[in-house]
There are 2 protein chains.
Amino acid sequence: MNKTTEQILRVVSGFTGKFEGAFNIREDGKCAGRQSSKNIKIESKEDGPGLVIHIKPNTKDEKVYIPACVTHGAVDDLVYNDFYVGENADVTIVAGCGVHTDDGHDARHNGIHRFFLEENAHVLYEEKHIATGKGGGLKRIDPVTDVNLKKGAVLEMDTIQLEGVDSSIRKTSGVLEEGAKLLVRERIMTDGEEKARTDFDVVLKGENSKVDLISRSVAKGNSYQEFNSKINGETKCKGHSECDAILVDNGSVSASPSLIASDIDAELIHEAAIGKIAGEQILKLQSLGLTKEEAEQKIISGFLK
Amino acid sequence: MNKTTEQILRVVSGFTGKFEGAFNIREDGKCAGRQSSKNIKIESKEDGPGLVIHIKPNTKDEKVYIPACVTHGAVDDLVYNDFYVGENADVTIVAGCGVHTDDGHDARHNGIHRFFLEENAHVLYEEKHIATGKGGGLKRIDPVTDVNLKKGAVLEMDTIQLEGVDSSIRKTSGVLEEGAKLLVRERIMTDGEEKARTDFDVVLKGENSKVDLISRSVAKGNSYQEFNSKINGETKCKGHSECDAILVDNGSVSASPSLIASDIDAELIHEAAIGKIAGEQILKLQSLGLTKEEAEQKIISGFLK
């Protein structure tokens, strides 16, 4: 892999010169390294770009890394990755993504990830996004995540967009069967002229299924963020979404969460709050010796933690 | 006026055989009685069906009644009422509406109300809706309210849909200037195959303007309710919306509130909760001697109060 990929991997995937366990490194649309493990098999998709990842039933405490990097302009990388996770498996999937361009041309990564979790499988899915490089080329990351959870399966999705991404459209959809759980934490920071949109659509189909969506965003500069969510409760189920946004400078945010309850035993709750950092919070930190900018930075870091 | 109108007026307008102050009674698209007062002038619109109501500056503690009734089928009543409220006036406007049909034909009232409040005017706007009568004729009430609030003006809108309305689409929009306040309380009860939709769109344009929207709904039988709101904060302002729904039987509810903050000093908050009545609440009232149905009824009445 090239230097840029290596730098990005250190930030988005906790890369330390090597990966332990199964991995596939995607660089500018090509495979720059792959390793399967005894329980986790990574293969190329037969009918298009991307991977098919099979995780054996009862696989415990293993990790699989599938970072993707775009390291120069004029790349529009589209990839389809399918994850089949066997019964009772308990694994972590690390899917960092970085896009770099400094040659004036646009660079984009569009990863379409489908998850099929069998009964009682548990996955922690970590997704860190960053874009680097100067020049007029737009850096775009458009992740699509489609989640299918069988009885008792749990997917925890931890997604963070760090900085530099000019435009992102993040689509997450899911169908949950009996007792399944989907927990999503997303944190998105935008600055300058950046735009970020989140579309979230989950169907609570099985009894006692549960979704918890927590979105935190900071919009600085002239950036704009849009949050759209839809939670459909079709049976006895619980749905909660929470969307908090901090505005800085001329940042603006739109939040449109929908709850649709079509069963008397569906319990759906939503909260949203948009505003700037409270003046007293800044004053308090200033009284401890921080400058106004340092105080603001500290509060934002805490908020996105 | 006919018997049906009188019965409806007693429910929706607190009619006791007469009205004190200014009033206009609309019955099946015609005027069934009108009276202006010294400070409140009610006139027919020149360019279409409806009224122009002028309330003099500094008018205090007066009421104006403008109920509208449809008392039989095959009536589709459309009316435009414009309210011009002078500076520092402080009045109550009672706009009850009832629709009755038992002849198998549809009956509809569609009232389009525009409010123009001058500086520091204060209006309490009460709107009660009911539909009565048997047979296959659909009863529809579709109110449109458009609110224009000058500096420091306050409109309190208290709206309630009691029962029997097969279909209602309620559209409320507003533009608020400096220091203006719009407070909306809506309570909607649907049953059977009824459908009710609320669309709310307010722009907080002036500094220190404020909107507070509280919507409570109960969906029984196979009824369906939809709540859509949009609060646009374009300056230093405060917006709050709250949408709580109780499901009974096979009732279903969809809530889609949007917050759009395009200024760092806009503070926008939303909460929504949809669910059935908590089992322990019913048990508690049952332990006091109520039947399950009585307990449920009591909780719903309290919720919609």
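The model shown is predicted, which means the values in this text are computed figures rather than measured ones.

A. Expanded view of the relation of the copies chain A and chain B. For the pair chain A and chain B, the superposition axis carries a translation of 0.0 Å, the fit reaches an RMSD of 0.0 Å, and the rotation angle comes to 180°. When the rotation and shift are considered jointly, the pair of chain copies conforms to a two-fold rotation axis. Nearest to the rotation axis, the C-alpha of Glu271 of chain A is located 2.2 Å from it, this being the minimum over chain A.

B. Broad picture of the packing of helix α2 (residues 279-286) of chain A against helix α3 (residues 292-304) of chain A. All names here are of chain A. Packing of α2 against α3 leaves a shortest axis separation of 9 Å and a crossing angle of 115°. The way α2 lies across α3 gives a crossing that is right-handed. Contact residues: Gln281, Ile282, Leu285 and Gln286 in α2; Lys292, Ala295, Glu296, Lys298 and Ile299 in α3. In terms of residue class, the contact of α2 with α3 is built from four nonpolar, two polar and three charged.

C. Structural view of the pattern of salt bridges. Residue and element names in this part refer to chain A. If you walk through the whole model with that rule in mind, you get 30 salt bridges over all chains. Its salt-bridge partner being Glu118, residue Lys150 comes within 3.6 Å of it at the nearest N-O pair. With Lys150 in the loop between β13 (144-149) and β14 (154-161) and Glu118 in the loop between β10 (107-117) and β11 (122-132), this residue pair connects regions lying 32 residues apart in the sequence. By sharing partners, the salt bridges in this structure join Asp76, Arg108, Arg140 and Asp142 into a single network.

D. Just the environment of Leu247 of chain A, in detail. Mapping Leu247 of chain A onto the fold places it in strand β20 (residues 237-247). C-alpha separation for the pair Leu247 of chain A and Ala219 of chain A, spaced 28 residues apart in sequence, amounts to 5.2 Å. For Leu247 of chain A, the residues in contact, after removing those within four places along its chain, are Ala219, Ser252, Val253, Ile274, Gly275, Lys276 and Ile277 of chain A together with Ala261, Asp263 and Ile264 of chain B.

E. Inspection of the side chain of Thr101 of chain A at higher detail. Residue and element names in this part refer to chain A. Mapped onto the elements of the fold, Thr101 is located in the loop between β9 (97-100) and β10. Among the polar contacts listed, one links the side chain of Thr101 to the backbone nitrogen of Gly73, at a separation of 3.5 Å. Here Asp103 takes part through its side chain, which lies 2.8 Å from a polar atom of the side chain of Thr101.

F. Main features of the nonpolar core. Counting 96 residues, the largest nonpolar core has Leu182 of chain A together with Leu182 of chain B as the members making the most contacts within it. Once you skip the residues sitting within four places of it in the chain, Leu182 of chain B turns out to touch Val147, Leu149, Leu155, Leu176, Phe200, Val202, Lys210, Val211 and Asp212 of chain B.

G. Geometry of the interface of chain A and chain B. Taken together, the contacts link 29 residues of chain A with 29 residues of chain B. Counting each side, the surface lost to burial between chain A and chain B is near 2000 Å², with a carbon and sulfur contribution of 51%. At the boundary of chain A and chain B, one finds two salt bridges. The salt bridge involving Lys276 of chain A is made with Asp265 of chain B; its shortest N-O contact spans 2.6 Å. Elements with a contribution of two residues or more to the side of chain A that touches chain B: β21 (252-261) and β22 (266-275) of chain A.

H. Spatial organisation of α3 of chain A. Residue and element names in this part refer to chain A. With 13 residues, α3 should cover 18 Å at 1.5 Å per step; its first-to-last C-alpha distance of 19 Å lies within 8% of that length. Taken together, the buried positions of α3 are Ala295, Ile299, Ile300, Phe303 and Leu304. Seen from one end, α3 has its buried residues packed into an arc of 155°, which puts them on one side.

I. Local environment of the side chain of Ser256 of chain A. With respect to the element layout, Ser256 of chain A can be found in strand β21. A distance of 2.6 Å separates the side chain of Ser256 of chain A from the side chain of Ser258 of chain B, its partner in a polar contact. Sequence-distant contacts of Ser256 of chain A, that is, excluding residues within four places in its chain, are made with Phe227, Asn228 and Ser229 of chain A together with Pro257 and Ser258 of chain B.

J. Region of the structure containing the packing of aromatic side chains. All names here are of chain A. Summed over all chains, the structure comprises 12 aromatic pairs over all chains. Between Phe19 and Phe23, the aromatic rings sit 5.6 Å apart at their centres with planes inclined by 45°, giving tilted as the arrangement. The pair formed by Phe19 and Phe23 is uniform in burial state, with each residue classed as buried. Three or more aromatic residues joined by ring pairs form one cluster here, namely Phe15, Phe19, Phe23 and Tyr65.

K. Inspection of helix α1 (residues 3-12) of chain B at higher detail. Residue and element names in this part refer to chain B. All of the buried residues in α1 are Thr4, Thr5, Ile8, Leu9 and Val12. Projected down its long axis, α1 carries its buried residues within an arc of 130°, all on one side. Residues of α1 that are exposed and point over 90 degrees away from its buried face: Lys3 and Gln7. The elements touched by buried residues of α1 are β1 (22-27), β6 (68-70), β8 (90-94), β9 (97-100) and β11 (122-132).

L. Summary view of the confidence of the model for chain A. Confidence in the prediction for chain A averages 95 pLDDT; 100% of positions are at 70 or higher. Considering each helix and strand of chain A separately, the mean pLDDT is smallest for α2 of chain A, with a value of 86, and largest for β13 of chain A, with 98.

Definitions and limits used
- Residues numbered from 1 in each chain as written.
- Chains lettered and ligands numbered in written order.
- Predicted model: local features only at pLDDT ≥ 70, side-chain atom pairs only at ≥ 80, totals over all residues.
- Heavy atoms only, no water.
- Least-squares fit on C-alpha atoms with pLDDT ≥ 70 in both.
- Axes fitted to C-alpha atoms, helices over the stretch in contact; angles between N-to-C directions.
- Helix = DSSP H or I, 4+ residues; strand = E, 2+ residues; numbered from the N terminus.
- Left-handed = near helix turned anticlockwise from the far one by under 90°.
- Contact = heavy atoms within 4.5 Å.
- Nonpolar A, V, L, I, M, F, W, Y, C, P; charged D, E, K, R; others polar.
- Salt bridge = Lys/Arg side-chain N within 4 Å of Asp/Glu carboxyl O.
- Polar contact = N/O pair within 3.5 Å; in protein donor to acceptor, adjacent residues only side chain to side chain.
- Core = buried A, V, L, I, M, F, W, Y, C linked by side-chain atoms within 4.5 Å.
- Buried < 20%, exposed > 50% of the residue type's maximum accessible area, 1.4 Å probe, protein only.
- Buried area = accessible area lost by both parts, 1.4 Å probe.
- Expected span 1.5 Å × (residues − 1).
- Arc of directions from axis to C-beta.
- Phe/Tyr/Trp six-rings, centres within 6.5 Å; stacked < 30°, edge-to-face > 60°.
- pLDDT = per-residue confidence, 0-100.

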